[in-house]
Amino acid sequence: MPDKRTVVVTGGSRGIGRSICLFLANPDTQIYFNYFSPSNPEAEKAAAAETEKLVADLRSSAASMSVDVADAKEVEAFFEKIVGETGRIDILVNNAGITKDGLLVRMNENDWNMVLNINLKGAFTCTRLAAKIMMKQRYGRIVNIASVVGVSGNPGQANYSASKAGLIGLTKTAAKELAARNVTVNAVAPGFIETDMTAALSEKARNAMLSQVPMGRGGQPEDVAAAVKFLASDDAAYITGQVIHVNGGMYM
Ligand code: NAP
């Protein structure tokens, strides 16, 4: 094993991704993450810098870049930089994701494509690049952040739930293809987690979601990050192709 493990987290500037960076941060890891908010570049740069600082406080190191996961060329350059610096990728967490909600009959092609390109194609691009390196290393951990709605469906989220269902299919197929090289691939499917993504919901939509949670409250980013940390650890060496639900009982 190398002195330091190289960790890549997509969408690490805030929310669940930031928490994952912090849970994986320790003196034996070097963390790379990306973010992409062309509409508010200054705020996002500041958010990324905050994640970097919090990681450094845990005696790990983090470097971030503005990289659109939907753009395969940008992702390739990001991975080339990482491998150029550390020579490896040990852990990949495909976390970057967006929503563009609307009822199916009113959903336009642009909103469909955008969500699928970021949530699913982005994970495919990162997984393919990381898999090549992990196979050579004979070691790797890939964790995909899916969603409860990828399994249950949700009115108003045809694009998002399709992207997350696709991510679960990608997880299982990659798990079967990479298992013999000691590379595990799993998914974590969060339910309702308190982040900017859910803060954007209307009071009505929020209450409707929370009414489905037997534990009666939303989860925190740390609840998801703890499951990711376990799946990325050596303790999870014999677990692959699984979907771990972190949802307060919302879906069983
Ligand atoms: P969030 O607070 O909105 O954060 C999203 C992160 O993804 C940000 O770091 C954002 O970067 C990044 N991102 C967005 N588009 C990107 C792109 N094209 N390329 C690179 N990075 C991009 O969301 P969250 O709630 O933490 O969600 C994280 C993941 O969990 C997502 O995959 C989401 O679908 C999933 N999830 C969330 C919930 C929930 O209840 N919150 C439930 C189930 C699943 P910027 O900061 O630059 O925008």
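Data block above holds the structure.
(A) Structural context of the state of the cysteines. Inspection of the entire model under this criterion finds 0 disulfides. Sulfur of C21: no disulfide; nearest cysteine sulfur belongs to C126 and is 13 Å away.

(B) Spatial organisation of the packing of helix 1 (residues 15-24) against helix 9 (residues 221-231). One way to put it is that helix 1 packs onto helix 9 with a least axis distance of 8 Å and a crossing angle of 45°. Taken together, the axes of helix 1 and helix 9 lie oblique to each other. Handedness of the helix 1/helix 9 crossing: right-handed. In this structure, helix 1 uses G15, I16, S19, I20, F23 and L24 to contact helix 9, whose residues at the interface are P221, E222, V224, A225, A226, V228 and K229.

(C) Examining the site of the ligand more closely. In the vicinity of the ligand there are 32 residues, among which R14, S37, E44, Y160 and T195 approach most closely. Take S37: an N or O atom from its side chain is 2.6 Å from an oxygen atom of the ligand. Taking T195, its side chain carries an N or O atom lying 2.5 Å from an oxygen atom of the ligand. For the ligand, the protein covers 96% of the area, taking 900 Å² as the surface of the free molecule. Those elements giving two or more residues to the shell around the ligand turn out to be helix 1, strand 2 (29-35), helix 6 (158-178) and helix 7 (196-199). Per-element tally for the shell around the ligand: the top contributor is helix 7, with 3 residues.

(D) Quick peek at unusual backbone geometry. In this structure, R59 takes a positive phi of about 60° despite not being glycine. The phi angle at R138 is positive, at roughly 60°, despite the residue not being glycine. Tracing the chain through its elements places R138 in the loop between helix 4 (109-137) and strand 5 (140-145). A relative accessible area of 47% means that R138 is categorised as partly exposed.

Cut-offs used in this document
- Residues numbered from 1 in each chain as written.
- Predicted model: local features only at pLDDT ≥ 70, side-chain atom pairs only at ≥ 80, totals over all residues.
- Heavy atoms only, no water.
- Disulfide = S-S within 2.5 Å.
- Axes fitted to C-alpha atoms, helices over the stretch in contact; angles between N-to-C directions.
- Helix = DSSP H or I, 4+ residues; strand = E, 2+ residues; numbered from the N terminus.
- Parallel < 35°, antiparallel > 145°, perpendicular 65-115°, else oblique.
- Left-handed = near helix turned anticlockwise from the far one by under 90°.
- Contact = heavy atoms within 4.5 Å.
- Near = heavy atom within 4 Å.
- Polar contact = N/O pair within 3.5 Å; in protein donor to acceptor, adjacent residues only side chain to side chain.
- Areas by Shrake-Rupley, 256 points an atom, 1.4 Å probe, with all protein chains shown as cover.
- Buried < 20%, exposed > 50% of the residue type's maximum accessible area, 1.4 Å probe, protein only.

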